[in-house]
Amino acid sequence: MDAHQHFSALLEYLQAQVVGEEGFTLAYGAEVSSFIRFNQGQVRQVGDVQQVYVTLSLYQGQRHAESKLALSGVLDEDLPRLQQIVQRLRGVLPTLSDDPYLRVNREAWCSELAGEAVRLDSAAMAQQIVAAAAGLDLVGFLAVGPQYQGFASSWGAFGWYAASSFNFEFSLFHGNGQAVKSGYAGELWDAQAFARKLERARQQLEFLGRPAKLLQPGAYRAYLAPAALEELVSLCCWGFGAQALASGGSPLQRLFNGKAELSPLVTMDERIEGGLAPAFTSEGPRQPLRLIGQGRPGERLVSSRSAAEYGLIANGSGSGEYPMSLQMHGGELDEQHVLQQLGTGLYIGNLWYGNFSDLPAARLTGMTRFATFWVEDGQIQAPVNTMRFDDSLFDFLGPQLEALTREPELLLPSGTYGARQTGSMALPGALLSRFTLTL
Amino acid sequence: MFALSDTLKRRFAGLKSTADFWSLRHVQESRESYWVRRRVAQAPSFVDDAGAMLTVRIAGVEAYAATSDLSQAGLQAALERAEQMARALVGHNLLDLASLSYPTEQNDDVMPGYEQPLAGAAHWFELLMAESALIPQDARLVDSHVGLTFTCHEQIYLNSAGACLRRAQRYVFPQVGVTASDEHDSQSRSFGGTHLARQGGAEVLQQLGVIGSAERIADEALQLLLAPNTPNGSRDLLLMPDQMILQIHESIGHPLELDRILGDERNFAGTSFIRQEDFGQYPYGSPLLNVTFDPGVPGELASYRHDDDGTPAQREYLIRDGILQRPLGGALSQWRSGLPGVANSRACSWNRPPIDRMANLNLEPGDKTQAELIGGIERGILMSNNRSWSIDDARNKFQFGCEWGQLIENGELKGVVKNPNYRGISSRFWRNLRAVGDVSTFEVMGTPYCGKGEPNQVIRVGHASPACVFADIDVFGGAA
């Protein structure tokens, strides 16, 4: 199946279907993915998924309804199904009331980005991984293959995104249950580059063999590696949305209403260039936005719906109103000096299972996991047993933020709920003068 | 119902394979969602999803290929992709599945309410708008939603040994929620969060008591906004069923999933503090703790007769009188571990493979009325309806937050407190179980959002529980 051709043909068909004051938008998402799980350094589960979904929204004046449909990729089968959906939506619309906040973008625009169609051999990658993992307790997940996203409207909008990639996320486990996590992702598999990644993880694994440090709950100096910071920033990401801010659902509401500030070191952007997400949403082309500037609130993410509801100006955000390619600016801390600057405290490689313990106060809780070490005088002393933190973003990225590393690290999405994710985040590491552990 | 059944059987019979064993699992799911937010009807949303997973076993290696192309050629192509993958990985596989048995049964499982006709969009919007109108006009009530989702699910499993298992289910998910906010704080109250969900038809709305609840929900949101913070310290904790189900889910369900214990999930969802040798002897909780895997509770979200690998499902005790009995592991995990398990190998859809999931996991009722539970507490707190959950990768150290808290002093309910949180360690917490509510406190709930697996899967799980009292728990409020 040629996805671009398939999408274009569906679009052409729909253009011929609409009548009178009807309009439509069509979102397209397809992937051909190999999924391979590893446990104990060998293949545990293997498969292949080919899927195509479209979401058709039909509009008549101020009324609209949407339908998501799995397609086969075979046009002769898909067109009749699409027609059935049009008929169904057409039947529902007259029974609905007008939507006062409907402001569908009726502008014509075009955005196309298609990477080279690289053929990736997932079985060969898996064989290399098994060979390289000999003697290691490697657990991991490899996702490989092309992804396609499209968006078009009856008013002339057309967006297309195609990329072929792989993402291998893996953990190496020590016999004592401690683990180090790493990953290798990209467009072209390089066996030597993977071997280097694996070797770095193997080196960290050696530290995990030392007797674990038992920490008591309390406040500690800490360094959050970019992957750890990602867990915290991700939790607050949707707080930039106009609806969340207006409806009491944003953890950043005190920042945006002037009741709280972050450290002047904190600047965050929603970017287009350098991110991995499509340059468009269902609202049209995305815009670069300064979300936080030197600790102070910047722009919020505003969909056309929120713009209508709250009297704002839409800025290309999708209906979910969350950043798709967030970048946090780096600081002055050289990554090679992190342990030295930390001195004595916690090096936290990853955090996980974050959630809010008090949302309006941006107070977050979660767990350490993977490669978290106790450091003394700039030297790693011991791994740390799993600990729970509970602290406010306004503290640890406020007065407690001492420094950020110079170069933000690009963190690729490994999520596969429903489909492989395409958003990304670029974050530095953060040195904190105190971070509160509770259990 | 099962409209594609004959076609699929014919196409399955026409598949050509040299594999030792092959199967087809077809899933067709349709969903309709209606939502009213701040008294404005949102665009209705419909989903029609269908596809099939072909699985083969060759020289002990199992591989799957999933496709939404259900033509003969599409199914054959998927089967061949699976075969190719299996052959390529012979010698690199962790498990040699050559001796793993497979089902041969033929059975139809049509759950109650499936065939009941449902009204159209206009009817549901009228109902939701009327409910929404019960929410008072108050500037502090900044957000509200009332929603309904109906999901119809059909599955057909066929294999080369002659099995044919068909299942049809309908799920109903109602939601009511209100947020109250002022310059400094915001507090939300909902009717069961996302936990009020059952199989069945429109009667589920009456069973759950959703209709007419919005005014009370709004009032409680305002009460929370005005309430003092939950005090910090050690107290007896009375958990209502809408929080108990989260407690059961996170600190019993996930730790007992056998694929975690076998290490499959260590890279993502995590492992478990339970080891294989603990079954049959580990004191999981106080003698009052009885937990079952029960696929037969009418209306509960994960009631079914066979799991997605075709294993017949039956009620089993996982924990009896406080002692750990058996894990939540399907046929494959049982074969790997040699432990007895349950029929809980499940997939969220056609494009994800079955893995161990907790399905219906219930805490059995005890002998105390709610009045007796409260009356037995000298200094405690009642918490209701989960709003925050976090637990470590071994499912041991947890911290949960609830929407609603009420202090208990000298056997009586006192004032409302906001931001009620508590934390503990699973392996100790359940041993502090001091009293278990009777059937009058027992509620059947569940969640459509249990995440696990690589590739990731969100699946529906059922939970039922009475109210329960735990002694000496670390509780605390918010930062505000």
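Source: prediction; values computed, not measured.

Let's talk about the overall build of chain A
Here comes step 1: The helix and strand inventory of chain A stands at 10 helices and 24 strands.
Here comes step 2: Here the C-alpha atoms of chain A give a radius of gyration of 24 Å, agreeing with the 22 Å that 2.2 N^0.38 yields for 439 residues.
Here comes step 3: Counting only C-alpha atoms and orienting by the principal axes, one finds that chain A spans roughly 75 × 55 × 30 Å.
Here comes step 4: Burial status across chain A gives 59% buried among its 439 residues.
Here comes step 5: Counting contacts in chain A only where the partners sit at least 6 residues apart, residues at least 24 apart contribute 71% of the total.

With respect to the overall build of chain B
Here comes step 1: Along the backbone of chain B there are 10 helices and 24 strands.
Here comes step 2: In terms of overall size, chain B behaves like a compact globule, its C-alpha atoms giving a radius of gyration of 24 Å where 480 residues would be expected to give roughly 23 Å.
Here comes step 3: Summarising its shape, the C-alpha atoms of chain B cover approximately 70 × 55 × 35 Å along the three principal directions.
Here comes step 4: Within chain B, buried positions represent 68% of all 480 residues.
Here comes step 5: For chain B, contacts bridging at least 24 residues in sequence account for 76% of all contacts bridging at least 6.
Here comes step 6: Taken as a whole, chain B presents about 15700 Å² of accessible surface, with 49% of it coming from carbon and sulfur.
Here comes step 7: Mean positive and mean negative side-chain charge positions of chain B (44 and 58 charges, respectively) differ by 2 Å.

Let's talk about the interface of chain A and chain B
A common way to state how big an interface is: give the accessible area lost once the parts meet.
Here comes step 1: Taken residue by residue, the interface counts 89 residues in chain A and 89 residues in chain B.
Here comes step 2: Taken together, both faces of the contact between chain A and chain B bury some 7200 Å²; the carbon and sulfur share is 47%.
Here comes step 3: Area buried by chain A at its contact with chain B is led by Arg37, Tyr353 and Tyr417 of chain A, which between them contribute 10% of it.
Here comes step 4: Remark: the boundary between chain A and chain B carries 10 salt bridges.
Here comes step 5: If you look at where chain A meets chain B, you find 55 residue pairs in polar contact (both at pLDDT 80 or more).

Quick notes on the side chain of Ser5 of chain B
Residue and element names in this part refer to chain B.
Here comes step 1: Relative to the assigned elements, Ser5 resides in helix α1 (residues 5–13).
Here comes step 2: Take Ser5: its relative accessible area is 1%, and that puts it in the buried class.
Here comes step 3: In contact with Ser5, not counting residues within four places along its chain, are Ile156 and Arg166.

As for the confidence of the model for chain B
Here comes step 1: Scored by pLDDT, chain B comes out at a mean of 97, with 100% of its residues at no less than 70.
Here comes step 2: For this predicted complex, the interface confidence reaches an ipTM of 0.96, while the overall pTM sits at 0.97.

Focus on the pairing of strand β12 (residues 289–293) of chain A
Residues and elements named next belong to chain A.
Here comes step 1: Pairing analysis gives 3 bridges linking strand β9 (residues 268–270) to β12, with the strands arranged antiparallel. Bridge pairing in β12 links Met268 to Ile292.
Here comes step 2: One ladder, built from 2 bridges, connects β12 with strand β13 (residues 296–297); its direction is antiparallel. In the sheet register, Ile292 faces β13, and the bridge partner there is Pro297.

Focus: the environment of Leu291 of chain A
Residue and element names in this part refer to chain A.
Here comes step 1: When you line up the elements, Leu291 lands in strand β12.
Here comes step 2: You can call Leu291 buried: its relative accessible area is 0%.
Here comes step 3: Separated by 24 residues in the primary sequence, Leu291 and Thr267 place their C-alpha atoms 7.5 Å from one another.
Here comes step 4: For Leu291, the residues in contact, after removing those within four places along its chain, are Phe240, Phe256, Met268, Asp269, Glu270, Arg296, Pro297, Gly298, Glu299, Leu301, Pro323 and Leu326.

Structural notes on the layout of surface pockets
Here comes step 1: Estimates place the volume of the second largest pocket at around 1100 Å³.
Here comes step 2: Of all the secondary structure elements, the ones that give two or more residues to the lining of the second largest pocket are α1 (3–17), β1 (22–39), β2 (42–60), α3 (122–132), β5 (137–153) and β6 (158–173) of chain A together with α2 (72–88) of chain B.

Definitions and limits used
Residues numbered from 1 in each chain as written. Chains lettered and ligands numbered in written order. Predicted model: local features only at pLDDT ≥ 70, side-chain atom pairs only at ≥ 80, totals over all residues. Heavy atoms only, no water. Helix = DSSP H or I, 4+ residues; strand = E, 2+ residues; numbered from the N terminus. Rg over C-alpha atoms; globule rule 2.2 N^0.38 Å. Buried < 20%, exposed > 50% of the residue type's maximum accessible area, 1.4 Å probe, protein only. Contact = heavy atoms within 4.5 Å. Areas by Shrake-Rupley, 256 points an atom, 1.4 Å probe, with all protein chains shown as cover. Lys, Arg positive; Asp, Glu negative; His and termini not counted. Charge placed at Lys NZ, Arg CZ, Asp CG, Glu CD. Buried area = accessible area lost by both parts, 1.4 Å probe. Salt bridge = Lys/Arg side-chain N within 4 Å of Asp/Glu carboxyl O. Polar contact = N/O pair within 3.5 Å; in protein donor to acceptor, adjacent residues only side chain to side chain. pLDDT = per-residue confidence, 0-100. Pairing = 2+ DSSP bridges. 1 Å grid on protein atoms, 1.4 Å probe; cavity = no way out; pocket = protein on both sides within 12 Å on 5 of 7 lines; lining within 4 Å. Points joined across faces, edges and corners; volume = space filled by probe spheres on them.

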